[in-house]
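For reference, the chains in residue letters:
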Amino acid sequence: MFSRKFKNFFISVLLYLSIFPLFSETFFTGIAGGKLKMTPEKKDETTKPAMTLQAFFSGQINFSQNAWSHMEFSIDTKNIVSETLFESTDALFQVDELSVIFRQNIETLSNYFSLFMGTYDPIGSDIFLQRQFGISPIASKITESWLGMAGSLLYPHFGVGVSDVLRFSSPYAAGLYIYVNHEDADYFVFNTDARFGGTKRFFTFDIATGIGAPLATKKYEDAVLAVEKINWHAGTTMLIGNNYTPALFAQAGVYNAIFRSTEENEFNWNELYFLIEPRFNYKGTKIHLTLFCLPQKTVDSLLFVNDKMGFNMNIFTDMMNTRNTGLDFGLNTAFTIKELALGDVKRIPEALLSGQFNLHITPYISSNFMNGELHSMLSFNFMEFFQTDWGKSLQLNVSYKTYF
């Protein structure tokens with residue numbers, strides 16, 4: 001039943017996108033790019049290069065002043081040089097976002113009603129703040145993916161649903177989101193979220209919280225609706241200061257915690273994530289110190305983060321946005337604990353004594369190039385180099401994205 005509704009929703013949106021240009025003058029902008037990841041791979045007592053490709057396309061179609069659409073798609077391949085470069089390679093395709101937004105001005109308010117599929121204004125990112133208030137990105141550089149939206153989310157979640165956001169005349173906005181996803185392995189989950197955000201010269205914030213109800217309807221005969229448990233999630237993004245001053249950036253939240261009975265009301269600390277980052281700025285050189293504990297699903301998609309919990313120091317220049325040529329460079333150092341989450345803090349001394357930690361040194365450069373951005377990084381893990389196969393300690397990433 002839900003599958004049929006899902007298909008109907010998807011087809012309806014596509015039909016709307018194809019018909020709307022017949023009645024209005026459209027305008028299109030977009031970003032496209034790709035990233036190659038190269039690592040040595042030991043196989044049959046020989047070491048060969050392994051290479052994977054991630055690519056994305058993101059665009060916005062403006063149908064009129066009060067109606068537009070966002071779309072983003074991505075692919076992720078397996079090793080494209082495992083046998084020969086010209087053989088077919090398995091790849092995963094993902095609809096990161098497909099949405100249609102309608103704006104209505106009501107005196108001093110602006111109302112944004114949206115239909116969406118994929119990830120839309122996700123918790124654990126600054127996308128909501130960028131879209132509502134037109135600010136520059138404020139998220140931590142260690143959560144950058146050098147690609148589109150899907151690779152840079154502290155709390156990745158996908159669904160199909162609707163949202164309604166009120167933007168006030170003062171720099172504040174409040175919203176309600178209702179959507180269905182499949183985050184539960186067995187059931188579809190019905191979610192509803194509330195959100196409030198705003199920005200001032202020296203303070204920017206975004207707070208969201210919601211509940212999810214797994215629909216266990218198929219488990220019971222003759223059941224129209226069956227809910228066995230309720231989970232909750234929450235998140236905040238906050239910047240005290242701004243991108244041009246010393247600042248404190250923080251993100252925190254709860255990842256699908258379950259409401260428990262009074263007999264089982266102990267909080268599971270592994271359901272909590274956070275990122276705390278003091279920022280310092282001196283004559284174009286920036287230093288960001290980051291303490292973090294993130295979900296494994298998030299770690300798997302990030303460039304500069306390799307384990308769930310650790311400490312990071314990032315020293316870099318950040319001048320590309322203020323000039324047309326030249327390059328920026330940085331040095332990222334990450335000390336992380338292997339396979340431990342927040343609930344395992346007591347085991348940190350044991351992990352350190354047994355060598356269960358990683359030390360990554362990652363120099364990287366970024367440059368404006370042919371109406372786009374070129375990024376490259378080389379990551380070296382000292383612990384992997386001395387403890388296991390040397391090839392696992394090296395990783396090279398090169399990416400390029402262009403705007404049109």
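Please refer to the structure higher up on the page.
Residues numbered from 1 in each chain as written. Predicted model: local features only at pLDDT ≥ 70, side-chain atom pairs only at ≥ 80, totals over all residues. Heavy atoms only, no water.

**Student:** Looking at this structure, I do not really get the overall build of the chain. What am I missing?
**Tutor:** Along its length, the chain carries five helices and 18 strands. Considering the chain as a whole, with its 404 residues, one finds that 43% of them fall into the buried category. A separation threshold of at least 6 residues defines the contact pool for the chain, and within that pool the share at least 24 residues apart is 55%. Total accessible area computed for the chain in this model is approximately 21600 Å², and 62% of it derives from carbon and sulfur atoms. (Helix = DSSP H or I, 4+ residues; strand = E, 2+ residues; numbered from the N terminus. Buried < 20%, exposed > 50% of the residue type's maximum accessible area, 1.4 Å probe, protein only. Contact = heavy atoms within 4.5 Å. Areas by Shrake-Rupley, 256 points an atom, 1.4 Å probe, with all protein chains shown as cover.)

**Student:** How should I be thinking about the environment of Phe-380 in this particular structure?
**Tutor:** Examined against the element boundaries, Phe-380 turns out to sit in strand β17 (residues 372–381). Along the chain, Phe-380 and His-360 lie 20 residues apart, while their C-alpha atoms are 5.5 Å from each other. If we ignore the near neighbours within four places in the chain, the residues touching Phe-380 are Leu-359, His-360, Ile-361, Phe-385, Ser-393 and Leu-394.

**Student:** Would you take a moment to explain the side chain of Ser-125 for this structure?
**Tutor:** Summarising the element assignment, Ser-125 is placed in the loop between β5 (109–118) and α2 (127–133). Polar contacts involving the side chain of Ser-125 include one to the main-chain carbonyl oxygen of Pro-122, which spans 3.0 Å. For Ser-125, the side chain forms a polar contact with the main-chain nitrogen of Ile-127, separated by 3.3 Å. (Polar contact = N/O pair within 3.5 Å; in protein donor to acceptor, adjacent residues only side chain to side chain.)

**Student:** In this structure, what is going on with the pattern of salt bridges? I would like to understand it.
**Tutor:** Working definition: two side chains of opposite charge can pair if their charged atoms are close together. Applying the stated rule across the entire model yields seven salt bridges. The partner of Asp-318 in a salt bridge is Lys-286, and the shortest N-O contact between them spans 3.2 Å. With Asp-318 in the loop between β14 (309–317) and β15 (327–337) and Lys-286 in strand β13 (residues 285–293), this residue pair connects regions lying 32 residues apart in the sequence. When the shortest N-O distance is used, the salt bridge between Asp-344 and Arg-347 registers 3.9 Å. One continuous salt-bridge network, built from bridges that share partners, spans Glu-97, Asp-121 and Arg-131. (Salt bridge = Lys/Arg side-chain N within 4 Å of Asp/Glu carboxyl O.)

**Student:** Any chance you could explain the nonpolar core here in plain terms?
**Tutor:** It is characteristic of soluble globular proteins that their nonpolar side chains tend to be buried jointly. Phe-304 and Val-305 are the most contacted members of the largest nonpolar core, which totals 30 residues. Those elements that place two or more of their residues in this core are β5, α2, β7 (172–181) and β11 (247–258). Those residues in contact with Phe-304, other than ones at most four positions away along the chain, are Lys-141, Ile-142, Trp-146, Asn-312, Asn-332, Ala-334, Thr-362, Tyr-364 and Met-377. By size, the runner-up hydrophobic cluster in this structure holds nine residues, among which are Cys-293, Leu-340, Leu-342 and Ala-351. (Core = buried A, V, L, I, M, F, W, Y, C linked by side-chain atoms within 4.5 Å.)

**Student:** Which parts of the structure should I look at to understand a nonpolar patch on the surface?
**Tutor:** A cluster of nonpolar side chains, contributed by Phe-203, Ile-240, Leu-248, Ile-276, Phe-280, Ile-287, Leu-291, Phe-311, Met-313, Ile-315, Phe-335 and Leu-352, occupies part of the molecular surface with about 940 Å² of accessible area. If you list the elements that add at least two residues to the nonpolar patch, you get β12 (272–282), β13 and β14. Along the polypeptide, Ile-240 turns up in strand β10 (residues 231–240). (Patch = residues over 30% accessible without salt bridge, like charges linked within 9 Å, V, L, I, M, F, W, Y side chains within 5 Å.)

**Student:** What is the right way to read the packing of aromatic side chains from this model?
**Tutor:** Geometrically, a pair of aromatic rings is defined through the distance of the ring centres and the angle of the planes. Enumeration according to the criterion identifies 16 aromatic pairs in this entry. Geometrically, the ring pair formed by Trp-68 and Tyr-112 is edge-to-face, given 6.1 Å between the ring centres and 65 degrees between the ring planes. Taken together, the residues Trp-68 in strand β3 (residues 67–77) and Tyr-112 in strand β5 connect sequence positions 44 residues apart. For the pair shown, Trp-68 and Tyr-112 are each scored as buried. Aromatic pair Phe-380 and Phe-382: ring centres 4.7 Å apart, planes at 70 degrees, arrangement edge-to-face. Since its relative accessible area comes to 32%, Phe-382 is described here as partly exposed. A connected cluster of aromatic rings, assembled from ring pairs, spans Phe-116, Tyr-120, Tyr-177 and Tyr-179. Taking the ring centre of Phe-316 as reference, the NZ or CZ of Lys-141 above it sits at 5.0 Å. (Phe/Tyr/Trp six-rings, centres within 6.5 Å; stacked < 30°, edge-to-face > 60°. Lys NZ or Arg CZ within 6 Å of the ring centre and 35° of its normal.)

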